[in-house]
Amino acid sequence: MTLEEKAGQLNMVASFRAVTGPGEIQEVDESIRLGRVGSLLNIWGREEVVRVQRIALEESRLGIPLLLCHDIIHGHRTIFPTPLAEACSFNPALWEQTAHAAAQEARAEGVALTFAPMLDIARDARWGRMVEGPGEDTWLAAQIGAAKTRGFQGKDLNFTTSLAATAKHFGAYGAVTAGREYASADVSERTLLEVYLPPFAAAIAAGVAAIMPAFNDIAGLPMTANAHLLKDILRQRLGFKGVVISDYNAVAELLNHGVAQDLFEAAVLAFNSGVDIDMTSNAFINALPLAVDRGRVSLHEIDSSVRRVLHLKERLGLFDNPYPRDPSPSKIVKKDQDLHRSLARQAAQESIVLLTNKDQLLPLQETLTHLAMIGPFADDAAAMLGSWASAGHEEKTVSFFEGVRTALPNCHLELIAGVDAIKEDISEISHALEACREAQVILLCLGETAEMSGEAASRTDIGAPGAQRALAEAIFNLGKPVIVLLTSGRPLAAPWLFERADAVLATWQLGSEAGHALADILFGAVNPTGRLPISWPRAVGQAPIYYNQRATGRPTEIGVHYSSCYIDMLATPQFPFGHGLSYSLFSLLEFSCLTPLVKRGGCVEVGVRLRNNGSRSGEATLFFFIRDLVASVARPVLELKGVKKVILAQGQEEQVSFSLAVEELAFIGRELDMTLEAGRFEIFVGQSADPAGLLKQSFDLSL
Ligand code: NOJ
């Protein structure tokens with residue numbers, strides 16, 4: 001290979017299909033012919049894939065197939081709930097299955113690599129990208145990282161149903177200042193190792209093929225130029241052997257960050273810091289050959305990067321056959337379409353979180369004769385898809401209205417938006433009130449449009465936008481039962497709404513089967529199981545908010561002077577991490593610890609009696625937390641260590657046991673190594689992170 005052909009393998013260019021970042025769509029054919037392109041992004045579909053691969057194979061000197069990439073974030077044709085929504089299921093098997101179904105659909109259309117899973121811990125709801133990730137908790141994010149990697153990649157990347165996965169965005173993207181997109185973060189090495197990086201370690205352990213560094217800088221070092229994190233931590237400490245792909249235009253943006261004076265220097269800096277593939281900056285292809293000649297970049301390092309890229313292409317089977325494998329990929333998709341649709345429905349059911357349910361208004365009786373569906377999201381299929389819907393279609397998406405109409409064909413349904421999702425216009429509210437006149441129950445559909453969360457969609461006001469509050473207050477004033485459905489990519493801070501609504505469901509962005517899944521929950525065909533993967537704030541001023549905090553030197557009670565709280569609002573969330581109601585009612589009876597003293601290599605064994613006091617069978621979710629009471633570094637007041645789901649019939653009681661390996665008690669010690677320290681620990685079980693609902697036991701660790 002010539003040096004230029006090697007640099008070509010490290011060059012990723014955007015195809016004509018879509019633009020997912022700044023810059024213009026380039027003409028790529030001639031560059032492929034010249035061996036100056038190794039991978040393309042934003043491409044799918046048999047015709048185009050065959051066309052570009054043919055150029056690479058038959059018209060370039062070396063005939064190396066292209067690596068075709070796309071953001072398959074939560075589905076390709078069949079759209080599953082957004083990642084934040086799906087995190088609410090606390091169901092690793094489901095996370096794996098939906099990733100696998102998405103991989104199957106995308107690979108059938110020639111995509112070989114996805115830029116997912118996104119594993120950024122997000123504790124600040126101003127940041128719009130919270131929707132793309134696992135929520136606030138490290139343990140949960142690690143489970144998701146492993147499950148998604150297994151799901152996308154399957155047993156072998158060479159299978160026709162597998163996609164290479166990319167864990168992103170390496171670093172602490174979720175910690176951007178004040179939740180503002182692309183902004184700086186300033187996080188300690190301890191916090192990186194303890195909070196932000198374990199999900200990546202889990203994806204790496206599951207064999208993730210690629211890693212994407214984040215756009216932002218950490219304490220002045222943009223992640224694209226952060227040799228310490230990309231080499232010492234990622235390669236050495238975490239043992240990652242795959243490909244590092246820059247984010248879109250991120251190499252060129254090193255100029256904007258002010259750490260490189262021109263594109264040549266940016267390329268040298270990014271490459272020497274550990275980036276293998278330059279996405280869309282055209283920096284590596286132009287600079288690297290010259291940089292080797294000038295002794296600024298080592299040929300050996302170039303060879304290692306190229307080898308990693310070629311090895312990935314080989315593992316994907318692209319050298320044997322780079323074309324979509326079946327002559328009629330639409331058939332493959334057709335065959336599995338029904339299966340994927342029912343999986344999307346199940347995923348959407350498990351993503352819905354029942355936040356409040358006064359006087360057990362839900363589930364609704366199917367005998368209802370008059371319902372009103374009011375609000376900008378009552379019949380908005382596009383909003384159900386979220387901001388990363390790949391090739392998903394609005395026309396193939398079931399809106400809330402459609403779902404309810406299918407479930408209750410004989411019920412009279414009034415449908416009216418009443419207000420726009422964003423504009424302050426209140427002129428139609430009177431029509432909405434009119435439409436509610438005969439209604440026995442009102443379904444009020446509020447929230448955010450798909451564009452209000454996702455990339456470059458940070459908000460300073462995380463309430464219901466536009467005139468939605470005015471509409472809601474007017475509807476509440478009618479005095480009829482009102483169920484609010486919240487469509488959003490983040491928790492919406494709206495205490496007034498939780499106060500006044502009879503029931504509220506977080507319906508996020510549920511994907512292709514949104515309406516059917518909603519109807520399943522509303523009318524009780526399915527008992528809700530979704531639990532929050534974030535602490536739901538009362539006000540934007542509480543951000544960042546998360547359960548896994550350290551104690552301070554002061555008390556936290558409100559009203560006590562010199563305590564760690566706010567003088568104008570509670571410091572607690574509106575709903576705690578793990579919150580989610582069911583139509584059943586579970587109580588935790590005795591909690592016991594069978595191992596008052598544990599040693600290295602052993603296990604902490606606890607058991608709890610769980611009872612379903614409700615009037616129907618249902619699934620309880622139990623969260624197990626620990627607290628390390630005294631350690632050389634202050635430990636959080638609660639740390640999630642495990643989750644158990646248990647199905648119980650009405651009136652049934654069961655003993656649930658949980659076992660925790662002693663090694664799981666280790667933490668990042670003073671010297672930034674994993675450390676196990678002797679001493680007393682507390683272990684808790686509860687149905688959320690709400691301290692008031694936790695049962696506690698303690699045990700000692702002796703070394
Ligand atoms: C920029 C986003 O940050 C990243 O997540 C995405 O994969 C790329 N654009 C490619 O679309």
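Report follows, based on the coordinates. It should be emphasised that the depicted structure is a prediction, and the values quoted were computed from it without experimental measurement.

## A closer look at the overall build of the protein
- If you tally the helices and strands in the protein, you get 20 helices and 26 strands.
- For the protein, the C-alpha radius of gyration of 26 Å lies close to 27 Å, the compact-globule estimate for 703 residues.
- Seen along its three principal axes, the alpha-carbon backbone of the protein occupies a region of about 75 × 65 × 45 Å.
- Burial analysis of the protein (703 residues in total) assigns 61% to the buried set.
- In the protein, the share of contacts with a sequence separation of at least 24, taken over all contacts with a separation of at least 6, comes to 77%.
- Carbon and sulfur atoms make up 50% of the accessible area of the protein, which totals about 26,200 Å².
- Put simply, the protein has 62 plus and 82 minus side-chain charges, and the middle of one group is 4 Å from the middle of the other.

## Some points on the sheet that holds strand 10 (residues 278-279)
- Read across the open sheet, the five strands follow the order 4-3-2-1-10; overall the sheet is parallel. In the strand order of this sheet, the two ends are held by strand 4 (113-114) and strand 10, each with one partner.
- Sheet topology note: the strand 1 (residues 11-14)/strand 2 (residues 39-41) ladder contains three bridges and is parallel. Directly across from V13, in strand 2, lies its bridge partner L40.

## Re the packing of aromatic side chains
- Tallied over the full model, the rule gives 17 aromatic pairs.
- Ring plane angle 85° and centroid distance 5.2 Å describe the contact between F170 and F200, whose orientation is recorded as edge-to-face. Of the two residues, F170 is situated in strand 5 (residues 166-170) and F200 in helix 8 (residues 198-205); the sequence distance between them amounts to 30 residues.
- Here F170 falls in the buried class, since its relative accessible area comes to 0%.

## Describing helix 11 (residues 263-273)
- Among the residues of helix 11, those classed as buried are F264, A266, A267, V268, A270, F271 and S273.
- Contacts from the buried residues of helix 11 go to helix 9 (227-237), helix 10 (253-257), helix 12 (284-293) and helix 13 (299-315).

## Here's the deal with the environment of H76
- With respect to the secondary-structure elements, H76 resides in the loop between strand 3 (67-70) and helix 4 (83-87).
- On the accessibility criterion, H76 (0% relative accessible area) is buried.
- Considering only alpha carbons, one finds H76 and L40, 36 residues apart in sequence, at a separation of 17 Å.
- Apart from the residues within four sequence positions on either side, H76 is in contact with W44, A102, E105, A106, E109, A389, S390, A391 and G392.

The rules we used
- Residues numbered from 1 in each chain as written.
- Predicted model: local features only at pLDDT ≥ 70, side-chain atom pairs only at ≥ 80, totals over all residues.
- Heavy atoms only, no water.
- Helix = DSSP H or I, 4+ residues; strand = E, 2+ residues; numbered from the N terminus.
- Rg over C-alpha atoms; globule rule 2.2 N^0.38 Å.
- Buried < 20%, exposed > 50% of the residue type's maximum accessible area, 1.4 Å probe, protein only.
- Contact = heavy atoms within 4.5 Å.
- Areas by Shrake-Rupley, 256 points an atom, 1.4 Å probe, with all protein chains shown as cover.
- Lys, Arg positive; Asp, Glu negative; His and termini not counted.
- Charge placed at Lys NZ, Arg CZ, Asp CG, Glu CD.
- Pairing = 2+ DSSP bridges.
- Phe/Tyr/Trp six-rings, centres within 6.5 Å; stacked < 30°, edge-to-face > 60°.

By themselves, these figures tell us nothing about what the structure is for.
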